[in-house]
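# Chains, contacts and geometry: an overview
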Amino acid sequence: MIKFGDYKNFAKERANYAKIAMDPEATSEAKETALNNMMDALGSDAKNEVKSITEQKMTELENAHQMQMTNEEVKFFNELKTDTDTKSTGEKILPQTTVDEIFEDMVQQHPFLSAIGLKNNGISLKIIKSDTTGTVVWGKIFGEIKSQLDASFSEDDATQNKATAFVVVPKDLEDFGPQWIKKFVVTQITEAFAVASEEAFLTGDGKDKPIGLNRDVSKGVAVTDGAYPEKASAGELTFADTKTAAKELAGVIKGLSKKENGHPVVAKGRTVLAMSPGDTLDVEAQFMIQNLNGQFVTAMPFGLTTVESEFVPEGKVIAFIPDRYDAFQAGPLQIKQFDQTLALEDLDLFTAKQFLYGKAHDNTASAVYDLKLSGTGSAPTDPTTGGNTGK
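The paragraphs below set out a description of the structure included in this document. Predicted, not measured: the structure shown is a model, and the values here were computed from it.

### Points about the pattern of salt bridges
Within this structure, the stated rule accounts for seven salt bridges. The salt bridge involving aspartate 323 is made with arginine 270; its shortest N-O contact spans 3.3 Å. With aspartate 323 in the loop between strand E11 (316–320) and strand E12 (325–337) and arginine 270 in the loop between helix H8 (242–255) and strand E7 (272–275), this pair connects stretches of sequence that are 53 residues apart. With relative accessibility at 56%, the residue aspartate 323 sits in the exposed group. Using a relative accessible area of 27% as the deciding quantity, one classes arginine 270 as partly exposed. Of the charged contacts, one joins aspartate 370 and lysine 316 as a salt bridge, the two residues approaching to 2.5 Å between their closest N and O atoms. Of this pair, aspartate 370 sits in strand E14 (residues 366–371) while lysine 316 sits in strand E11, and the two are 54 residues apart along the sequence. Lysine 316 sits in the partly exposed class, given a relative accessible area of 27%.

### Some points on the packing of helix H1 (residues 8–21) against helix H7 (residues 178–203)
One way to put it is that H1 packs onto H7 with a least axis distance of 12 Å and a crossing angle of 25°. As far as their axial angle goes, H7 and H1 are roughly parallel. Here H1 runs over H7; the crossing is right-handed. In this structure, H1 contributes Phe10, Arg14, Tyr17 and Ala21 to the contact, and H7 contributes Glu191, Val195 and Glu199. A breakdown of the residues in the contact of H1 with H7 according to their chemical character gives four nonpolar, no polar and three charged.

### Re helix H9 (residues 277–286)
Among the residues of H9, those classed as buried are Asp279, Thr280, Val283 and Gln286. Down the axis of H9, the sector holding all buried residues measures 120°, keeping them to one side.

### Digging into the packing of aromatic side chains
Counted by the stated rule, this structure contains four aromatic pairs. Centroid distance phenylalanine 112 to phenylalanine 320: 6.0 Å. Interplanar angle 65°. Geometry classified as edge-to-face. Pair noted here: phenylalanine 112 is in helix H6 (residues 111–115) and phenylalanine 320 is in strand E11, with a separation of 208 residues, a long-range link. Side by side, phenylalanine 112 and phenylalanine 320 carry an identical accessibility label, which is buried. When the centroid spacing of 5.3 Å and the interplanar angle of 75° are considered together, the rings of phenylalanine 239 and phenylalanine 287 count as edge-to-face. With phenylalanine 239 in the loop between strand E6 (236–237) and H8 and phenylalanine 287 in the loop between H9 and strand E8 (288–290), the pair connects residues that are 48 residues apart, well separated along the chain. A single burial state applies to phenylalanine 239 and to phenylalanine 287, both of which are buried.

Calculation criteria
- Residues numbered from 1 in each chain as written.
- Predicted model: local features only at pLDDT ≥ 70, side-chain atom pairs only at ≥ 80, totals over all residues.
- Heavy atoms only, no water.
- Salt bridge = Lys/Arg side-chain N within 4 Å of Asp/Glu carboxyl O.
- Helix = DSSP H or I, 4+ residues; strand = E, 2+ residues; numbered from the N terminus.
- Buried < 20%, exposed > 50% of the residue type's maximum accessible area, 1.4 Å probe, protein only.
- Axes fitted to C-alpha atoms, helices over the stretch in contact; angles between N-to-C directions.
- Parallel < 35°, antiparallel > 145°, perpendicular 65-115°, else oblique.
- Left-handed = near helix turned anticlockwise from the far one by under 90°.
- Contact = heavy atoms within 4.5 Å.
- Nonpolar A, V, L, I, M, F, W, Y, C, P; charged D, E, K, R; others polar.
- Arc of directions from axis to C-beta.
- Phe/Tyr/Trp six-rings, centres within 6.5 Å; stacked < 30°, edge-to-face > 60°.

Written out as structure tokens, the structure is:
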């Protein structure tokens, strides 16, 4: 698994990119520059890691299980550096084992992508939707069976959005062999697509990208030049005291408990609250108690869970039911040498392409709230609320 904990420059530039990406006044040029700086830092940190590990533990890592590759992978990454015709022959499809590894690392390194239920759907994507009321009929079956079913089934050839990431490979990296080339390439592709996916699934406007959870997808909504408008706030969450907090969160779940067509859906125990990292801590502190064993635990009511993301605006809470949002990556993951001349004397530049799809089932699959904290949280030594927790 790829770990980014030691990538200090990358962490700094990623935080800066998230800040600029969420700034409504930031220009597209500023966002592009911030993204490029983030990926440059990732490439630099990854190269430093490769060199450091190579110098210190080459013998150990050559025999390590994590460095094992399939024959197909060895062939692919060898050819990536030696094939001089990649510009003319078009994209090369990454081996499926490498794609699976990238997908696994994306989900494990980014909790939101795990919470939203991102799925790797292979070559093609087709979504079958149904409203299951009436799919079971009691008593005698008579007449046309179709007339007894209220269920409506629809088939949707989902419009997938192509995401392109730039991957830089130092020209001298070929000296390290296919294992290191794979690590270097996979590291960059993983984080590039993970960041792009997370941002799009949360706040994407639908214009050449997925439609995020904070977008209004109600029937008849005005879509301007392919972009969906943001949802209006569904209210404020203050968590002023225990009763207020319970009432507010019950309202959140109740609001998600009915589809846009009026049919009920179970939201209790399935609802996730997405917040910015700082806000997540503030909210969890409101529900933190100390049990009789001296352990601090967070006791959220109604089976609620929280997940943090740098791409949720501060002061906002996005409540959603993961099962009611379609998040897919589909199609072959392709990589191609960039066919434009750039001032990169010691680097080879490649583009990696992946198709993504994201859209809520309907407008009540998610809701956006304003976070206005005013309470002080639960008493940390209150045994009546925390005495049995964690035993």
